[in-house]
Amino acid sequence: MSETVRIKDIQVILTAPNGIRLVVVKVLTDQPGLYGLGCATFTQRALTVASAINDYLRPFAIGWDVDRIEDFYQAAYVSSYWRSGPVLNNALSGVDQALWDIKGKRAGMPLYQLFGGKCREAVPVYTHAHGHDEHELAENAAAIMERGFRYVRVQMSVPGLSTYGSLSPVTAQALNRNQTRTWEPTPYVRRVPAMLDFLRNKLGEDVELLHDVHERIPPIQGVWLAKAVEPYRLFFLEDLFAPEDISYFRMVREQTSTPLAMGELFVNQAEYVPLMRDQLIDFIRVHISDIGGLSMARKLAAFGEFLGIRTAFHGPGDVSPVGHAANMHLDLAISNFGIQELALFPEETKAVFPGCPEVRDGALWANDKPGLGIDVDEKLAAQYPFPEDAINGAWPEIRRLDGTVIKP
Ligand code: GCO
Ligand code: MG
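Residues numbered from 1 in each chain as written. Chains lettered and ligands numbered in written order. Predicted model: local features only at pLDDT ≥ 70, side-chain atom pairs only at ≥ 80, totals over all residues. Heavy atoms only, no water.

1. Here we look at the coordination of the magnesium ion (ligand 2)
Now for step 1: Taken together, Asp-212 (OD), Glu-238 (OE) and Glu-264 (OE) make up the protein donors of the magnesium ion (ligand 2), found 2.1 Å from the metal.
Now for step 2: Donor residues for the magnesium ion (ligand 2) sit on one chain with the sequence pattern D-x25-E-x25-E. A residue pair is termed long-range when its members are at least 10 positions apart, and Glu-238 in strand β8 (residues 236–238) and Glu-264 in the loop between β9 (260–262) and α10 (272–277) qualify at 26 residues. Glu-264 carries the same exposure label as Glu-238, and that label is buried. (Donors = N, O, S within 2.8 Å, 3.2 Å for Na, K, Ca; no water. Helix = DSSP H or I, 4+ residues; strand = E, 2+ residues; numbered from the N terminus. Buried < 20%, exposed > 50% of the residue type's maximum accessible area, 1.4 Å probe, protein only.)

Below, the structure written as structure tokens:
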């Protein structure tokens, strides 16, 4: 029996390549040279996650047997008594993913092997097309398809309104965050079916199109929209409702077969249960670090398998490449894999994280290094400090024309 290896220290790496605040946890062990990495990225409250780790989880974890991942999860989860939520779950995820990374390294196997081995050679992904009108959007989508992607998320501007996902990430990032952003649901809702009609005529029936409503419209307009887009055969329609309005899913389910994806905003595994138990959604959009890490994500995926529900783990630019690697290892090893979101890695981000999963032919490919198979260049990471901004990455409000604040 190999001797017990214990957690010796936990470090938080805050880095913002490409201007996106990322939180990566490094768990050091008492075996020289053996450490693990985990993603704890909650970009709008990154400093709070760092404190939750440095001030609470680190002292709690030091001395822990690295083999006891589930035991650590259960103990750490209730160590705050009031538990769950994005801050505590991200902190917990950073350590949880790092412990899985360490277990893979100790076993000398890529993590997907410990999860049961490959169910597929690589992980098909969708990435993001945007446009200020249907022509530009169709052009961007066609260019993505040219590069071998079979799944494309399509988001289009509504003139004069701050429309989610319709700008390139760089443009969106550069927008002066202090500008009041305005939104009206009805012009958007009226535009989406026409957008999809145009895209289907331009791009054909084979490409899998996805669309993210981003919780931006009154629920009853979501019911209308889900029915109106049914003829265009979306792969899924995402965040049709806010987490606070999930009771509307039952109403939609009885009226249309448009596939529904939900969950990136869920921060307690219990939020998924009613939607999954009653098969009211088709894809779980788990932001793995918001749900506490790989240990919890594996359970949610397994629960979904019994109910015909597939995975569609969250994979935007504000998941670190360590988090994308964690997504990929679990994606490879589950039978009810649906699709993986991937905001393509900018070159400078890839440089900070050697071993970043390869993107080829519209899929993510794992290397065969043990554990997560990814590392962090801490010197280079330090060259990308968090941007200076008065609200530290929080999102300023979006308002209706009458000034009402809406969900972003
Ligand atoms: C998606 C998400 C993201 C979130 C972002 C929040 O589907 O990828 O909606 O774009 O808005 O991750 O920080
Ligand atoms: Mg989304």
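2. A look at the nonpolar core
Now for step 1: Counting 123 residues, the largest nonpolar core has Phe-72, Val-154, Tyr-188, Leu-196 and Leu-199 as its most contacted members.
Now for step 2: If we skip the residues at most four places from it in the chain, Val-154 touches Ala-129, Leu-137, Ala-141, Met-195, Leu-196, Leu-199, Leu-209, Leu-210 and His-211.
Now for step 3: Counting residues in each nonpolar core, the second largest holds nine residues, with Tyr-151, Phe-235, Ala-261 and Ile-339 among its members. (Core = buried A, V, L, I, M, F, W, Y, C linked by side-chain atoms within 4.5 Å. Contact = heavy atoms within 4.5 Å.)

3. Thoughts on the pairing of strand β3 (residues 35–39)
Now for step 1: Counted residue by residue, β3 has five buried out of five residues, so it is predominantly covered.
Now for step 2: Residues Tyr-35, Leu-37 and Cys-39 of β3 are buried on one face, and the alternating residues Gly-36 and Gly-38, pointing to the opposite face, are buried as well.

4. Things to note about the pattern of salt bridges
Now for step 1: Enumeration according to the criterion identifies 23 salt bridges in this entry.
Now for step 2: We note a salt bridge from Glu-70 to Lys-299, for which the minimum N-O separation is 2.6 Å. Within this pair, whereas Glu-70 is found in helix α2 (residues 69–77), its partner Lys-299 is found in helix α11 (residues 294–305), the two being separated by 229 residues in sequence.
Now for step 3: Among the residues examined, Glu-70 registers a relative accessible area of 34% and is labelled partly exposed.
Now for step 4: Residue classification places Lys-299 among the partly exposed residues on the basis of a relative accessible area of 37%.
Now for step 5: Arg-285 is paired through a salt bridge with Glu-264; the nearest N and O atoms lie 3.6 Å apart. Of the two residues, Arg-285 is situated in the loop between β10 (283–284) and α11 and Glu-264 in the loop between β9 and α10; the sequence distance between them amounts to 21 residues.
Now for step 6: Exposure remark for Glu-264: the relative accessible area of 12% places this residue in the buried category.
Now for step 7: Counted as one network, the salt bridges with shared partners bring together Arg-153, Asp-212, Glu-238, Glu-264, Arg-285 and Glu-341. (Salt bridge = Lys/Arg side-chain N within 4 Å of Asp/Glu carboxyl O.)

5. Re the packing of helix α7 (residues 185–203) against helix α8 (residues 219–228)
Now for step 1: Taken N-terminus to C-terminus, the directions of α7 and α8 make an angle of 10°; their axes are 9 Å apart at the nearest point. Compared by their axis directions, α7 and α8 come out roughly parallel. Residues Pro-185, Thr-186, Tyr-188, Val-189, Val-192 and Pro-193 of α7 lie in contact with α8, whose contacting residues are Gln-221, Trp-224, Leu-225 and Ala-228.
Now for step 2: Considering only residue class, the contact of α7 with α8 consists of eight nonpolar, two polar and no charged. (Axes fitted to C-alpha atoms, helices over the stretch in contact; angles between N-to-C directions. Parallel < 35°, antiparallel > 145°, perpendicular 65-115°, else oblique. Nonpolar A, V, L, I, M, F, W, Y, C, P; charged D, E, K, R; others polar.)

6. Some details on the sheet that holds strand β1 (residues 7–15)
Now for step 1: Judged by pairing direction, the sheet is antiparallel, and its three strands sit side by side in the order β1-β2-β3 without closing on themselves. Of all the strands in the sheet, just β1 and β3 have a single pairing partner and so form its edges. For this sheet, the mean inter-axis angle between neighbouring strands, taken without regard to orientation, is 20°.
Now for step 2: Strand direction decides the pairing type here: strand β2 (residues 22–29) and β3, joined by five bridges, are antiparallel. (Pairing = 2+ DSSP bridges.)

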